[in-house]
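# Analysis of the macromolecular model
Given next are the chains, with one letter for each unit.
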Amino acid sequence: MYCPFCSHIEDKVIDSRLSKEGDVIRRRRECFNCKQRFTTYERVGEIFPMVIKKDGRRERFNREKIFNGMKRACEKRPVSIDVLETVVGDIEKKIQEIGESEIPSHIIGKELMNQLQKLDHVAYVRFASVYKEFKDISEFMSEIKSLAPQSVVSYEQNPSKTIDGVPL
Ligand SMILES: [Zn+2]
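Every chain begins its residue count from 1, and numbering advances along the sequence as written. A pLDDT threshold of at least 70 governs which residues receive local features in this predicted model, and a stricter bar of 80 or more applies before side-chain atom pairs are shown or counted, although totals over entire chains, interfaces and linings include all residues. Only hydrogens and water are set aside; all other atoms, that is, all heavy atoms of the structure, feed into the side-chain values.

### Looking at the overall build of the protein
For clarity, the threshold we go by: A helix here means a DSSP run of H or I that spans at least four residues, while a strand means a run of E at least two residues long, and both kinds are numbered starting from the N terminus. When accessible area is computed with a 1.4 Å probe and restricted to protein chains, residues below 20% of their type maximum are described as buried, those above 50% as exposed, and intermediate ones as partly exposed. Contacts were defined at the residue level, with two residues in contact if any of their heavy atoms lie within 4.5 Å.
Along its length, the protein carries 7 helices and 8 strands. Across the 168 residues of the protein, 33% fall into the buried class. Of the contacts formed within the protein by residues at least 6 apart in sequence, a portion of 44% connects residues at least 24 apart.

### Quick word on the coordination of the zinc ion
Note the following rule: Only N, O and S atoms count as donors, using a 2.8 Å cut-off from the metal and 3.2 Å for Na, K and Ca, and because water is excluded some sites may appear unfinished. Irregular is the default label, applied whenever a site is not tetrahedral (four donors, all angles between 85 and 135 degrees) and neither square planar nor octahedral (four or six donors, opposite donors over 155 degrees apart, all other angles between 65 and 115).
The protein atoms that coordinate the zinc ion are Cys3 (SG), Cys6 (SG), Cys31 (SG) and Cys34 (SG), at distances of 2.3 to 2.4 Å. Of note is the zinc ion, whose 4 donor atoms meet at the metal with angles of 104 to 116° in an arrangement that counts as tetrahedral.

### Remarks on the sheet that holds strand E6 (residues 102-104)
Through backbone hydrogen bonds, the strands of a sheet pair up, either in parallel or in antiparallel fashion. Rule in force here: Think of it this way: DSSP has to see at least two bridges between two strands before they count as a pair. Axis lines are fitted through C-alpha atoms, for helices just across the contact stretch, and the angle between N-to-C directions can take any value from 0 to 180 degrees.
Here we have 3 strands laid out as an open sheet, ordered E5-E4-E6, and mixed in their pairing. Whereas interior strands pair on both sides, the edge strands pair on one side only; in this sheet they are strand E5 (58-59) and E6. In the packing of helix H4 (residues 105-119) onto the sheet, the strands contacted are strand E4 (50-52) and E6, and the crossing angle to E6 comes to about 65°.

### Remarks on the packing of helix H2 (residues 63-73) against H4
For the record, the criterion: Here is the rule for handedness: rotate from the far helix to the near one, and if that takes an anticlockwise turn smaller than a right angle the crossing is left-handed, while a clockwise turn gives right-handed. Each residue is assigned to one of three groups, with Ala, Val, Leu, Ile, Met, Phe, Trp, Tyr, Cys and Pro labelled nonpolar, Asp, Glu, Lys and Arg labelled charged, and all others, Gly among them, labelled polar.
Closest axis-to-axis distance for the H2/H4 pair is 12 Å, and the angle between their directions is 35°. Where H2 crosses over H4, the handedness of that crossing is right-handed. Together, Ile66, Met70 and Ala73 of H2 and Ile108, Leu112, Leu116 and Leu119 of H4 make up the contact between the two elements. Here the residues of the contact of H2 with H4 are counted per class, giving 7 nonpolar, no polar and no charged.

### Remarks on the nonpolar core
Here is the rule we go by: Only buried residues count toward a nonpolar core. Its members are Ala, Val, Leu, Ile, Met, Phe, Trp, Tyr and Cys residues joined through side-chain atoms within 4.5 Å.
In this structure, Ile66, Met70, Ile108, Leu112 and Leu116 are the most contacted members of the largest nonpolar core, which totals 27 residues. Looking at this core element by element, the count peaks at 6 residues for helix H3 (residues 81-98). In this structure Ile108 touches Val51, Phe61, Ile66, Ile95 and Ile103, once residues within four positions along its chain are discounted.

### Some words on the sheet that holds strand E2 (residues 24-31)
Here 3 strands make up an open sheet; going across it, the order is E1-E2-E3 and the pairing antiparallel. Edge strands, defined here as strands with exactly one partner in the open sheet, are strand E1 (11-18) and strand E3 (37-43). If you compare each strand with its neighbour and ignore which way they point, the axes differ by 25° on average. Sheet topology places E1 next to E2; 7 bridges connect them, and they run antiparallel. Directly across from Leu18, in E2, lies its bridge partner Ile25.

Written out as structure tokens, the structure reads:
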């Protein structure tokens, strides 16, 4: 997106809002170069794939949902709203880059967990506990154990595992 003021190509999204009808996203952007702010409008159907839920139903990609989930997970953690905005922006970008018209919701969940894991381990465990719907405490504990340095390393050593180009 070229800045309308200085034609610089890089900007950051500082706010995104879905229209009441749910078909247009209004984005407030700030140019990295001149710091001027401008607004862009994007049609949802053209940008984001539909999300296939576990039960097979489709729903629109919902940025709010992801943002609120992450915000809840990061409550009282040293993670700023600014950082969350950036991370959610990254997730959106990844999802767009998959280039499919439909993607399973677990791909988004996986991406969210990857991002949280890098961001804050407490927030990650909180989110994971809800996301994975742990059936018992030992499952939860093994998740906490898996945050030990060794397993983080083994995760990083195996980045080649992907589904449609998305790292697992
Ligand atoms: Zn500019």
